[in-house]
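Inside the fold
Okay, here's what each chain looks like letter by letter:
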Amino acid sequence: MAEAIDIRELNALIEQQSNFVTNLTTGMDRVIVGQKHLVESLLIGLLSDGHILLEGVPGLAKTLAINTLSKLIDSKFSRIQFTPDLLPADVVGTMIYSQKEENFQVKKGPVFANFVLADEINRAPAKVQSALLEAMQEHQVTIGESTFALPSPFLVMATQNPVEQEGTYPLPEAQMDRFMLKVVISYPTLEEEKRIMRENLAGSLPTVVPVSSADEIIRAREVVRQVYIDEKIEQYIADIVFATRFPENYGLKELKSMITFGGSPRASISLCKAARAYAFIKRRGYVIPEDVRAVAHDVLRHRIGLSYEAEANNITSEEIVSQIINKVEVP
């Protein structure tokens, strides 16, 4: 009974804290036409302190979405255009000699912002991509002998174009794993396309005014951490992740030869965090199986290694996740 009261109290707290979610969604809808899944994924990443990798062809409002979100939250936004000649110092910063002071001084790079857009991240070499690793994992940057903390909240949204792969540097598995979600963006519907055309031909986009603050996001994250996850849901999440490693144990023998490696423990943690954030967005103080299923594809699609056999049969990680979700018993 005590637990039921706690859940009721938590629901009331979430109702009170999640008003800004409505404000953010409304603000995004004014600028972004359609792309509900993209907006929801950005909010999940924001509330669960995770980074997002967006994959989609050019012109699908990836840059516009994160730029709008940063304006709505009254925070610092920076965009880094990844190119083959980019250097790590162009991302994190460097030491510059000051003749006036007669010593070296730190010049911080664009990574020192609340929202960092790493545009076309697979265009830059591995040494530049890895410059983001410490920032993403530790929320700090080392320049010379000094280490600097990054502002909070800190969210990296990286984009990559799946079409043009000539002369690009695919992200290594270790770095892909650092992204909590990999969101695949599709084309708008016919009605949305017409609305986009009309709005763009009419002139400038609506102006965005801040409706939230960084402090409010940090407070909301504390509430998200309190969202209740039952032991049965924990077991369900563990089963889904284990099914990516040992599919034969879950009656999916045919997938054994399709997978070279499954999700790491980071996948389980990310699935828990994302499900909690999704429950928060839906104004609930507890996680249900549908929350896990709603975020499973985005959390797992980049954490499953496909074998040559899978690629030869045109089987995607998306299809593998769908098969696992359909097979693993729901509590």
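Notes on the structure follow. Note that the coordinates shown come from a computational prediction; the quantities given were computed from them, not determined experimentally.

A word on the side chain of glutamine 160. Within the element layout of this structure, glutamine 160 appears in strand β8 (residues 155-160). Beyond its immediate sequence surroundings of up to four residues, glutamine 160 is in contact with Leu53, Leu54, Glu55, Gly56, Glu120, Ile121, Asn122, Leu171 and Lys182.

It is worth spelling out the nonpolar core at this point. Of all hydrophobic cores here, the largest spans 71 residues; its most connected members are Leu271, Phe280 and Val292. At 9 residues, the largest contribution of residues to this core is made by helix α11 (residues 265-281). For leucine 271, the residues in contact, after removing those within four places along its chain, are Ile237, Ile240, Val241, Val292, Val295, Ala296 and Val299. In terms of nonpolar packing, the next biggest core, distinct from the first, is built from 28 residues, Phe82, Leu86, Val116 and Ala118 among them.

Taken together, 5 strands build an open sheet; the order of strands is β2-β5-β8-β1-β9 and the sheet is parallel. The open sheet has two edge strands, β2 (77-81) and β9 (181-184), and neither has a second partner. The average undirected angle you get between the axes of adjacent strands in this sheet is 20°. Taken together, the 4 bridges between strand β1 (residues 52-55) and β9 define a ladder with parallel strand orientation. Paired with isoleucine 52 across the strands is leucine 181, a residue of β9.

Take proline 162: it is sitting in the loop between β8 and α7 (173-176). Remark: the alpha-carbon pair of proline 162 and valine 57, spanning 105 residues in sequence, is separated by 6.6 Å. With residues near it in sequence (within four places) discarded, proline 162 still touches Glu55, Gly56 and Val57.

Here the amide bond leading from serine 152 into proline 153 is cis, since omega sits at -5°, within 30 degrees of zero. One non-glycine residue with positive phi stands out, namely histidine 139, at about 55°. Examined against the element boundaries, histidine 139 turns out to sit in the loop between α6 (126-138) and β6 (140-143). Since its relative accessible area comes to 23%, histidine 139 is described here as partly exposed. Positive phi is not limited to glycine here, since asparagine 314 has a value of about 55°. Of note, asparagine 314 is situated in the loop between α13 (308-312) and α14 (317-327). The exposed category is assigned to asparagine 314, whose relative accessible area is 63%.

What follows deals with the pairing of β8. Across the 6 residues that make up β8, a large majority, 6, are buried. The two faces of β8 match: Leu155, Met157 and Thr159 on one face and Val156, Ala158 and Gln160 on the other face are all buried. Bridge analysis of β1 against β8 gives 4 bridges, and the strand direction is parallel. Considered in β8, the bridge of glutamate 55 is made with glutamine 160. In the sheet, strand β5 (residues 115-119) pairs with β8 via 4 bridges, with the strands oriented parallel. The partner of alanine 118 across the bridge, within β8, is alanine 158.

The next subject is the packing of helix α10 (residues 231-245) against α11. Put simply, α10 and α11 touch, their axes get as near as 10 Å, and they point 145° apart. Crossing of α10 against α11: the hand is right-handed. Within the contact between the two elements, α10 uses Ile237, Ile240, Val241 and Arg245 and α11 uses Pro265, Ala267, Ser268, Leu271 and Cys272.

Cut-offs applied
Residues numbered from 1 in each chain as written. Predicted model: local features only at pLDDT ≥ 70, side-chain atom pairs only at ≥ 80, totals over all residues. Heavy atoms only, no water. Helix = DSSP H or I, 4+ residues; strand = E, 2+ residues; numbered from the N terminus. Contact = heavy atoms within 4.5 Å. Core = buried A, V, L, I, M, F, W, Y, C linked by side-chain atoms within 4.5 Å. Buried < 20%, exposed > 50% of the residue type's maximum accessible area, 1.4 Å probe, protein only. Pairing = 2+ DSSP bridges. Axes fitted to C-alpha atoms, helices over the stretch in contact; angles between N-to-C directions. Left-handed = near helix turned anticlockwise from the far one by under 90°.

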